[in-house]
Amino acid sequence: MENVKKAWSMILKDLKSEKKYFVWAFVYAAYMAFTFGMAVKGQMEAPEYVSPVIDGLFLLLMPMLGFYFCRRSFKYLSEDSYTRMLAYFRALPISDHVVIAYRLMQIFLAFVMNGIVFFGLMYWFAEPMRSEMSLAGYFALALTWTGYGMMMSGPYMYLEFSNHGKAYLRSTLLLLAAAVIAAVVIKICGGNMLLYSIELATRWSLLSPLMWVMLAAAAASLVFFSKITLRKLRSRDLV
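Residues numbered from 1 in each chain as written. Predicted model: local features only at pLDDT ≥ 70, side-chain atom pairs only at ≥ 80, totals over all residues. Heavy atoms only, no water.

An unreviewed UniProt entry annotates the protein as ABC transporter permease of Paenibacillus dokdonensis.

**Student:** Kindly report on the nonpolar core, identifying the contributing residues and their values.
**Tutor:** Grouped together as the largest cluster of nonpolar side chains are 70 residues, with contacts concentrated most on Met122 and Met129. Take this core: its biggest share by element is 15 residues, from helix H6 (residues 96-125). Apart from residues no more than four positions distant in its own chain, methionine 129 is found in contact with Val40, Met44, Met122, Tyr123, Tyr138, Leu141 and Ile198. (Core = buried A, V, L, I, M, F, W, Y, C linked by side-chain atoms within 4.5 Å. Buried < 20%, exposed > 50% of the residue type's maximum accessible area, 1.4 Å probe, protein only. Helix = DSSP H or I, 4+ residues; strand = E, 2+ residues; numbered from the N terminus. Contact = heavy atoms within 4.5 Å.)

**Student:** Tell me about the UniProt feature "transmembrane region" (unreviewed entry) in the protein, residues and numbers included.
**Tutor:** Within this structure's numbering, the places UniProt gives as "transmembrane region" (unreviewed entry) are residues 21-40, 52-70, 107-126, 138-159, 171-198 and 210-230. Between the C-alpha atoms that bound residues 138-159 the distance is 32 Å, and the span itself is 100% helix and 0% strand. Between the C-alpha atoms that bound residues 210-230 there is a distance of 30 Å. The span itself is 100% helix and 0% strand. (UniProt positions renumbered as here; feature names shortened; annotations may be inferred.)

**Student:** Could you give me a rundown of the packing of aromatic side chains, with the residues and numbers involved?
**Tutor:** According to the stated counting rule, one finds 12 aromatic pairs in the structure shown. Ring centres of phenylalanine 34 and phenylalanine 125 lie 5.3 Å apart, and the angle between their planes is 90 degrees; this geometry places the pair in the edge-to-face category. Within this pair, whereas phenylalanine 34 is found in helix H2 (residues 19-45), its partner phenylalanine 125 is found in helix H6, the two being separated by 91 residues in sequence. For the pair phenylalanine 224 and phenylalanine 225, a centre-to-centre distance of 5.1 Å together with 80 degrees between the ring planes defines the contact as edge-to-face. According to the relative accessible area criterion, phenylalanine 224 is partly exposed, its value standing at 48%. (Phe/Tyr/Trp six-rings, centres within 6.5 Å; stacked < 30°, edge-to-face > 60°.)

**Student:** Which residues make up a nonpolar patch on the surface, and what are the values?
**Tutor:** The grouping of Val23, Trp24 and Val27 at the surface amounts to a nonpolar patch, some 320 Å² of accessible area in total. Mapped onto the fold, valine 27 is located in helix H2. Valine 27 sits in the partly exposed class, given a relative accessible area of 45%. (Patch = residues over 30% accessible without salt bridge, like charges linked within 9 Å, V, L, I, M, F, W, Y side chains within 5 Å. Areas by Shrake-Rupley, 256 points an atom, 1.4 Å probe, with all protein chains shown as cover. Salt bridge = Lys/Arg side-chain N within 4 Å of Asp/Glu carboxyl O.)

**Student:** Explain the packing of H6 against helix H11 (residues 209-235) residue by residue, including any values.
**Tutor:** It is at 10 Å that the axes of H6 and H11 come closest, and there the two elements cross at 140 degrees. With respect to their mutual orientation, H6 and H11 come out oblique. The handedness of the crossing between H6 and H11 is right-handed. Only Leu222, Ser226, Thr229, Leu230, Leu233 and Arg234 of H11 make contact with H6, whose side of the interface consists of Asp96, His97, Val99, Ile100, Leu104, Ile107 and Phe108. (Axes fitted to C-alpha atoms, helices over the stretch in contact; angles between N-to-C directions. Parallel < 35°, antiparallel > 145°, perpendicular 65-115°, else oblique. Left-handed = near helix turned anticlockwise from the far one by under 90°.)

**Student:** Describe helix H8 (residues 135-162), with residues and values.
**Tutor:** The first and last C-alpha atoms of H8 sit 40 Å apart over 28 residues, in line with the 40 Å expected at 1.5 Å per residue. In terms of burial, H8 is a largely internal element, 22 of the 28 residues being buried. (Expected span 1.5 Å × (residues − 1).)

Below you can see the structure in the form of structure tokens.
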């Protein structure tokens, strides 16, 4: 509990000192909502034209809802800001358990803030969703993709805390390439993750099996990567 309190105080400090960056986070989430909403509208109006592009967009960018803009995220490459942050925490000293709790809180807070903006506006822009899905069904769809995004936040957290700036960039590019390949493979197999998730959310609402699988996978991923990231922090040289 003490670790949670310390981590929360660090979050509050971020919220106070990085206000202008949060404005850009909301702008980015709104832009994503418009882009995705138009893409989803087109896909739902012409489901016979199955495109890997929309799947690729969702697989690529849903994890980005787990980040919010701050000076550190903009400077990770030029200043190796994440490594410098860890060195600063170690010098205070702030325990590695608090650092993990702090990062998990960042993930949850970012998904709540960005998710409300993104899914709220996308529901408005993607008109077929309003006419074909109940609010409960749309909420299930939002939780399905939020679960996927949170599942991918585990690897991102590990890479962020395990590497210097350039290595982190290379690692994230590999994850992005994997998302593109996955979208192409799904297309080759004749599938479409977006339409499939919409179909299950529409039919099953909050009992959607895909939603619960994604939420369970998110929980497992965050627990697993929290543990291995903690071990990495204990042995990592921050010089």
